[in-house]
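Each chain, letter by letter, is given below.
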Amino acid sequence: MLTDDQNNSADLRPGVLEDLPELGLIAGPELQEKAIKAWMLALGQSSFRRIRDMPGEAVPGSLILKEGGQDLHLRGVTLVALSMAEYFIKAFPQASIDRDVLIAGGLCHDIGKTFECDPENQKRWAADASRNGRPSLRHPIFGAHICLMAGLPESVAHIAACHSAEGDNVQRSLECTIVREADAAWWRVATGAGLVRPDSIPAEFNRMYAQRVNN
Ligand SMILES: [Fe+2]
Ligand SMILES: [Fe+2]
């Protein structure tokens, strides 16, 4: 049964399509539709109305883009993952990588940030972390919940759930491994290129990467 949030989310569709044009690269119409539905569902349950309005941050307060929103990260990770896959497929014809799962997984890997990065939730959690935790669910867990609710296959929900440290206790799928590497590379390169606010760079990143000064 649809909740009120889901019923009211139809008007979110044009924004999802505009913010993530790479949804059009998903060849299977059913998978493409479910990925769109997942984003409508996630946004509909949050205080965000557009993906581009979500802060361009890795987790709340950490690695915040100087300019641009979460759409840039999702699109970038997807395109980096796709280029890695295309290289392997071209160089090694025997390499079998599911392109559609990779694209849907790349575009949905951080879908749970609608929950973890929602300022309303952060206010609640900060008020008394002893009640529900802070956060109660990190974005990989909430993201997997959204993916499954939207009817996306477990291969895509697995990418949302396990692209980060949450996946360290399982064997990741090949497509999840590619998204995970693309995700980590994206933040490292963004940091090195001076695209991230210096006050939001965690100590371990500061030790590893110097930020190029942009004029
Ligand atoms: Fe993530
Ligand atoms: Fe990410």
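None of the values given here were measured: they were computed from a predicted structure.

## Some words on the environment of Arg52
Argument step 1. Inspection of the secondary structure assignment puts Arg52 in the loop between helix H3 (29-44) and strand E1 (55-59).
Argument step 2. Sequence separation between Arg52 and His73 is 21 residues, and the spatial gap between their C-alpha atoms is 9.8 Å.
Argument step 3. In this structure Arg52 touches Asp19, Gly69 and Asp71, once residues within four positions along its chain are discounted.

## Quick look at the UniProt feature "domain: HD" (unreviewed entry) in the protein
Argument step 1. Following the UniProt record, the feature "domain: HD" (unreviewed entry) maps to residues 73-184 here.
Argument step 2. Counted over residues 73-184, helix gives 69% and strand 0%. Its end C-alpha atoms are 11 Å apart.

## Focus: helix H10 (residues 154-162)
Argument step 1. For H10, a buried count of seven out of nine residues is recorded, marking the element as mostly surrounded by other parts of the structure.
Argument step 2. Residues Val156, Ala157, His158, Ile159, Ala160, Ala161 and Cys162 constitute the buried set of H10.
Argument step 3. Summarising the contacts, the buried residues of H10 are in contact with helix H5 (99-108), helix H9 (139-149) and helix H11 (174-192).

## Observations regarding the nonpolar core
For soluble globular proteins, nonpolar side chains are generally found buried alongside one another.
Argument step 1. Counting 52 residues, the largest nonpolar core has Ala35, Ala38, Ala104, Cys108 and Cys147 as its most contacted members.
Argument step 2. Mapped by element, the contributors of at least two residues to this core are H3, helix H4 (70-91), H5, H9, H10 and H11.
Argument step 3. Per element, the largest residue contribution to this core is eight residues, and it comes from H3.

## Quick notes on the packing of H10 against H11
Argument step 1. As a packed pair, H10 and H11 sit with axes 9 Å apart at the nearest point and diverge in direction by 35°. Considering only the axes of H10 and H11, their crossing is right-handed. Along the contact surface, H10 presents Ser155, His158, Ile159 and Cys162, while H11 presents Glu175, Cys176 and Val179.
Argument step 2. Across the contact of H10 with H11, the residue classes tally to four nonpolar, two polar and one charged.

## As for the pairing of strand E2 (residues 62-69)
Argument step 1. Sheet topology places E1 next to E2; three bridges connect them, and they run antiparallel. Opposite Val59, over in E2, you have Ser62 as the bridge partner.
Argument step 2. Hairpin remark: E1 followed by E2, antiparallel, with two residues in the connecting loop; positive phi at Gly61, about 85°.

## What about the packing of H4 against H5?
Argument step 1. Orientation of H4 relative to H5, taken along the N-to-C sense of each, is 155°, at an axis distance of 8 Å. Regarding the angle of H4 to H5, the classification is roughly antiparallel. Pair H4 / H5 crosses with right-handed handedness. Between H4 and H5, the residues in contact are Leu74, Val77, Thr78, Ala81, Leu82 and Ala85 and Arg99, Leu102, Ile103, Gly106 and Leu107, respectively.
Argument step 2. Classifying every residue of the contact of H4 with H5 gives eight nonpolar, two polar and one charged.

## Points about the confidence of the model for the protein
Argument step 1. The predicted model of the protein has a mean per-residue pLDDT of 95, with 96% of residues at 70 or higher.
Argument step 2. Mean pLDDT values for the elements of the protein range from 49 in helix H1 (residues 4-7) up to 99 in H5.

So, how was this worked out
- Residues numbered from 1 in each chain as written.
- Chains lettered and ligands numbered in written order.
- Predicted model: local features only at pLDDT ≥ 70, side-chain atom pairs only at ≥ 80, totals over all residues.
- Helix = DSSP H or I, 4+ residues; strand = E, 2+ residues; numbered from the N terminus.
- Contact = placed C-beta atoms within 7 Å.
- UniProt positions renumbered as here; feature names shortened; annotations may be inferred.
- Buried ≥ 20, exposed ≤ 12 C-beta atoms within 10 Å, placed from the backbone.
- Core = buried A, V, L, I, M, F, W, Y, C linked by C-beta atoms within 7 Å.
- Axes fitted to C-alpha atoms, helices over the stretch in contact; angles between N-to-C directions.
- Left-handed = near helix turned anticlockwise from the far one by under 90°.
- Nonpolar A, V, L, I, M, F, W, Y, C, P; charged D, E, K, R; others polar.
- Pairing = 2+ DSSP bridges.
- Parallel < 35°, antiparallel > 145°, perpendicular 65-115°, else oblique.
- pLDDT = per-residue confidence, 0-100.

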